[in-house]
Amino acid sequence: MARTPADLVGAQPDPPFEITFDGRSVTALPGQTVAAALWGAGILAWRTTREGGRPRGAFCGIGQCYDCLATVNGEPNRRACLVPARPGDAITTQEGHGHDRLAV
Amino acid sequence: MTASPSEPYDLVVVGAGSAGLAGAVTAAELGLSVALLDSTTQSGGQFYRHPAPALGAVRPEALHHDWSAFSDLRRRLAASTVTHLTGHHVWSVVRESGESGAAAGETGETWAVHAITGADGTEEQPVRITARALLLATGAYERQLPFPGWTLPGVVGAGGAQAMLKSGLVLPGRRIVVAGSGPLLLAVASSLAAAGARVPAVVEAAGYLRYARSPRALVTNPAKAAEALVHGAALLRHRVRVLPGSAVTEVHGTDRVEAVTVSRLDGDWTPVPGTGRRIACDALAVGHGLVPQIELATAVGCATRALPDGTLGLALDDLQETSVAGLWAAGETGGVGGAELARTEGELAGRAIAARLRGRRADPDPGRGVGPGRVGELRRRRDRMRAFADVMSAAHAPGPGWPAWLEDETDVCRCEEVTAGRVREAVTELGARDARTVKLLTRAGMGWCQGRMCGTAVACLAARGGTPEPPAERRPFAVPVPLATLAALDERATEQNL
């Protein structure tokens, strides 16, 4: 039995790179989305809800549910399950309505 | 937004999964100019979702059933004249009369397809592409039913876990319970286990006995039975228990999943008191079947049909055309039936469209029921697989008792954080009788996902135990569109009028 998904498909990825999540360093593989990189580091939540302030992360995994909205390099409301991770990306927990950039 | 010299295309295909790929390559091989649009960066759709090239997967087929069917379509796509436009999120299709006059076949019209672009649709440049015919192969998304704790991080869609594994080679946890209803659960559990997760249980709300009520559909679809056996054998090998007639009725944990409670259900899916038992896990992958994604079609008035599991699919004629002339559909949009059916319908649609645009009949002798040659063979195959899909759909239709597992404080609408208590209040105190009225009273279904996650649940609660009306699935925008995109359209229209 394969021990990891990468073993299962015989992955030989290009060299990994670093992104940050709320300032903490996270290793991502090229070709992974932001959500996949965060899951790979054991991080499941990167948004808090508008009303209850509850933690949320990827749910539908295919861009339909918008639960995985994250702030990527200062830009809010990016669907982490669709956006590819790039070297040096700064991912921050998106709080509430995601309009922080507009200062409203 | 300048139109390319090839426009209008003969055909625009929306969706590059099994149905769209088959339709696009078939039409192109028959001589049509074809553009194939998909929101992702690759072809394959959800079923054949696979890692990006940079992940260097040597054996992507290890996560797939019938990979060779996809690699064949991919090879034909590469060898074809099809223009494959990735990262195109189509938000609207509009019929525009007369632009290409008599050249546009019987309908004499063109279609405009509007898309936003980029991995998540946030690139500045909106796109408009024109075509003489349209094939919608937009697939399906997962149906969810809420339960206490389902918004906790670590609870993910079963299809979502599968998608993240297939494309990103990641898992949401190490001990993952798989729950809900439908054949997808077995496939998800066997891939998660093969990828190294421990799967303590597959919790299936339905009983599998309902399949036995339709023996004919089973024996005429041996490939489906074989697929189930493959998954069954994989589950045995990974020591995964399958618990039919059961549901996860509670998720435990504060900021992430620590355990779930699994309860026995009666035939109506009402939890049997006192049967709950706790299973430790760090993730839950859950889903209750799939919902055809048909907003683009219903927005232009295509007729729908109610499917045996309570969802709506597009009503299609014998050659895959919708009730709106010039607009065809294939695959899950007509009812969820899997990749092989989608391929068959895609090819059938591709042939029908080519025949229409060339002013010929796709089926030279329709009077004899099934025509000769390839089209007749495709129609027979489709009908056989559709019969099986209907059996499957009926076997996993949610029982009327499922709302009994909701607590008043359970979130039903994840986006707007509307609880079951508030939805029930809208129904019992304020007189709401349908999902739309509940939405207007509570905001359930008004958030980012536009009711895709809570729509089934809200419709059931509004029906108060009666048969829920399927959600109307009419949305002017199939995906959220920035105001700047709409403003740009207006400028363009103004320029054209000058």
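Residues numbered from 1 in each chain as written. Chains lettered and ligands numbered in written order. Predicted model: local features only at pLDDT ≥ 70, side-chain atom pairs only at ≥ 80, totals over all residues. Heavy atoms only, no water.

## Some details on a positive patch on the surface
Taken together, R175(B), R198(B), R239(B), R241(B) and R277(B) make up a surface patch of like positive charges. Turning to its location among the elements, R239(B) is positioned in the loop between α6 (222-237) and β11 (241-244). (Patch = residues over 30% accessible without salt bridge, like charges linked within 9 Å, V, L, I, M, F, W, Y side chains within 5 Å. Areas by Shrake-Rupley, 256 points an atom, 1.4 Å probe, with all protein chains shown as cover. Salt bridge = Lys/Arg side-chain N within 4 Å of Asp/Glu carboxyl O. Lys, Arg positive; Asp, Glu negative; His and termini not counted. Charge placed at Lys NZ, Arg CZ, Asp CG, Glu CD. Helix = DSSP H or I, 4+ residues; strand = E, 2+ residues; numbered from the N terminus.)

## What about the sheet that holds strand β8 (residues 94-95) of chain A?
Residue and element names in this part refer to chain A. One open sheet holds the three strands; their spatial order is β4-β3-β8, and the pairing between them is mixed. Each edge of the sheet is formed by a strand with only one pairing partner; in this case those strands are β4 (55-56) and β8. Taken together, the two bridges between strand β3 (residues 47-48) and β8 define a ladder with parallel strand orientation. Bridge pairing links T48 to E95 in β8. (Pairing = 2+ DSSP bridges.)

## Examining the environment of A306(B)
Residues and elements named next belong to chain B. Tracing the backbone shows A306 in strand β17 (residues 304-306). Of the residues examined, A306 reaches a relative accessible area of 56% and is grouped as exposed. In the structure, A306 is positioned 246 residues away from P60 in sequence and 36 Å away in space, judged by C-alpha atoms. Aside from chain neighbours lying at most four places away, what touches A306 is T311 and L312. (Buried < 20%, exposed > 50% of the residue type's maximum accessible area, 1.4 Å probe, protein only. Contact = heavy atoms within 4.5 Å.)

## Considerations on the domain arrangement of chain B
Residue and element names in this part refer to chain B. Taken as a whole, chain B is organised into domain 1 (9-140 + 291-393) and domain 2 (142-289 + 399-463). The C-alpha centroid of domain 2 is placed 29 Å from the C-alpha centroid of domain 1. In this complex, domain 1 contributes 24 residues to the contact, which on the side of domain 2 involves 20 residues. Summed over both sides, the interface of domain 1 with domain 2 buries roughly 2000 Å², with 64% coming from carbon and sulfur. Put simply, domain 1 and domain 2 have two salt bridges between them. In this structure, R143 engages D309 in a salt bridge whose closest nitrogen and oxygen atoms are separated by 3.6 Å. Between domain 1 and domain 2 we count six residue pairs in polar contact (both at pLDDT 80 or more) in total. Across the side of domain 1 that touches domain 2, the residue classes break down as 11 nonpolar, eight polar and five charged. (Domains from an automatic or database assignment. Buried area = accessible area lost by both parts, 1.4 Å probe. Polar contact = N/O pair within 3.5 Å; in protein donor to acceptor, adjacent residues only side chain to side chain. Nonpolar A, V, L, I, M, F, W, Y, C, P; charged D, E, K, R; others polar.)

## So, the pattern of salt bridges
In total, this model carries 27 salt bridges over all chains according to the counting rule given. For the salt bridge of R76(B) with E29(B), the shortest nitrogen-to-oxygen distance reads 2.8 Å. Of the two residues, R76(B) is situated in helix α2 (residues 67-79) and E29(B) in helix α1 (residues 18-29); the sequence distance between them amounts to 47 residues. We classify E29(B) as partly exposed; its relative accessible area is 47%. Across the salt bridge formed by R128(B) and E96(B), the nearest N and O atoms sit 2.7 Å from each other. Of this pair, R128(B) sits in strand β6 (residues 127-136) while E96(B) sits in strand β4 (residues 88-97), and the two are 32 residues apart along the sequence. Residue R128(B) is classed as buried on the basis of its relative accessible area, which comes to 15%. Through salt bridges with shared partners, one network takes in R47(A), R56(A), D67(A), D411(B) and R414(B).

## A few points about the interface of chain A and chain B
Between chain A and chain B, the contact holds 48 residues from the first and 58 residues from the second. Buried area between chain A and chain B, both sides added, is near 4300 Å², and the carbon and sulfur share of it is 60%. Counting every contact that joins chain A to chain B gives five salt bridges. One salt bridge in this structure joins D67(A) and R414(B), with 2.7 Å as the shortest N-O distance. Run the count over chain A and chain B and you get 23 residue pairs in polar contact (both at pLDDT 80 or more). Going through the elements one at a time, α1 (5-8), α2 (34-40), β4 and β6 (75-79) of chain A are the ones with two or more residues in the side of chain A that touches chain B. Tallied by class, residues from the side of chain A that touches chain B come to 26 nonpolar, 12 polar and 10 charged.

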